[in-house]
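Descriptive structure summary
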Amino acid sequence: MKKNLISIVILALLIVNIVLTAIMMFSVTGTSRKTAALVDNIATALNLELAANGNGEDAEQEPVPMSDTATYDISEKMTIPLKLDAEEEPHFFIASITLSMNTKDKGYKKYGADIDTRESLIKSEINDVVSQYTVDEARDKQDDIRAEILERVQKMFDSEFIFNVAFSDIMIQ
């Protein structure tokens, strides 16, 4: 009889153990899901912050495939006077400028075909941006200059069909 009584106590303890283990699993599982969701939200926020700071090249947008890219070259090299530095000597920024456009964007359908008619407005925006920099800043901050030109041109067209500004044949003197 003692063996049956001990077996019943062991069986009761096993059932209590199983019940407590089940309760613990459900509580831990719910907490781990919440923790995983929190970590996911933090990772998403960090990615958005990197994109907002410009640390990723067009990180908030998907890259435009080459098949959907059209380019527009400003017809001639631009010679832009730079802001006077401490030496008070005139310096110039000379470059060929190319705008990359997304042919699938609705703005391209509206403005892309006849963008050459607005070339003087685009040149004016480029001139306004570049002329704010001294010769040393123009050498060191070309990415900032490109980003500011892109922002101003997108604002001018009220569209993001122009997604990149590129300089070539740069000469700063």
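Treat the numbers as computed from the prediction; the structure is a model and nothing was measured. (Residues numbered from 1 in each chain as written. Predicted model: local features only at pLDDT ≥ 70, side-chain atom pairs only at ≥ 80, totals over all residues. Heavy atoms only, no water.)

Examining the confidence of the model for the protein
Where the model shows low pLDDT, its predicted coordinates should not be examined in detail. Formally: For every residue, the predictor states its confidence as a pLDDT score lying anywhere from 0 to 100. Whether two residues are in contact is decided by their heavy atoms, any of which lying within 4.5 Å being enough.
The pLDDT averaged across the protein works out to 84; a share of 91% of its residues lies at or above 70. Predicted confidence is poor over residues 55-59, with pLDDT under 50, and the contacts of this stretch with residues over four places away or in other chains come to four contacts.

Concerning the side chain of Asp 68
Operational definition: Starting at the N terminus, helices and strands are each numbered in turn, a helix being any DSSP run of H or I of at least four residues and a strand any DSSP run of E of at least two. Type-normalised accessible area, obtained with a 1.4 Å probe on protein chains alone, sets the label of each residue: buried when under 20%, exposed when over 50%, and partly exposed for intermediate values. His residues and chain termini do not enter the charge count, which takes Lys and Arg as positive and Asp and Glu as negative. Salt bridges, as used here, are contacts in which a Lys or Arg side-chain nitrogen is within 4 Å of a carboxyl oxygen on Asp or Glu.
By the element assignment, Asp 68 lies in the loop between helix 1 (2-52) and strand 1 (69-73). Buried charged residue Asp 68 carries no salt bridge. Nearest counter-charge: Lys 104, at 4.2 Å. In contact with Asp 68, not counting residues within four places along its chain, are Met 101, Asn 102, Thr 103 and Lys 104.

Some points on the packing of aromatic side chains
Counted only if it meets this: Pairing of aromatic rings covers Phe, Tyr and Trp, the last through its six-membered ring, and needs centres within 6.5 Å; plane angles under 30 degrees mean stacked, over 60 mean edge-to-face, and all others mean tilted.
Enumeration over the complete set of coordinates arrives at five aromatic pairs. Seen in terms of ring centroids, Tyr 111 and Phe 161 are 6.2 Å apart; in terms of plane orientation they differ by 20°. Their pairing is stacked. With Tyr 111 in helix 2 (residues 106-111) and Phe 161 in the loop between helix 5 (142-157) and strand 4 (162-172), this pair connects stretches of sequence that are 50 residues apart. Among the residues examined, Phe 161 registers a relative accessible area of 0% and is labelled buried. One aromatic cluster is present, built from ring pairs that chain together Tyr 108, Tyr 111, Phe 157 and Phe 161.

So, unusual backbone geometry
Phi is positive for Asp 158, which is not a glycine, with a value near 55°. Inspection of the secondary structure assignment puts Asp 158 in the loop between helix 5 and strand 4. Backbone geometry at Asp 169 places phi at a positive 50°, although glycine is not the residue there. In this structure, Asp 169 sits in strand 4.

Notes on the pattern of salt bridges
Tallied over the full model, the rule gives six salt bridges. One salt bridge in this structure joins Asp 114 and Arg 118, with 3.2 Å as the shortest N-O distance. Under the relative-accessibility criterion, Asp 114 is labelled partly exposed at 30%. Classification of Arg 118 by relative accessible area gives partly exposed; the value is 24%. Note that Lys 123 is salt-bridged to Glu 119, the shortest N-O span being 3.4 Å. Here the residue Lys 123 and the residue Glu 119 both occupy positions in helix 3 (residues 119-130), the gap between them amounting to four residues, near one helical turn. One continuous salt-bridge network, built from bridges that share partners, spans Glu 125, Asp 128 and Arg 152.

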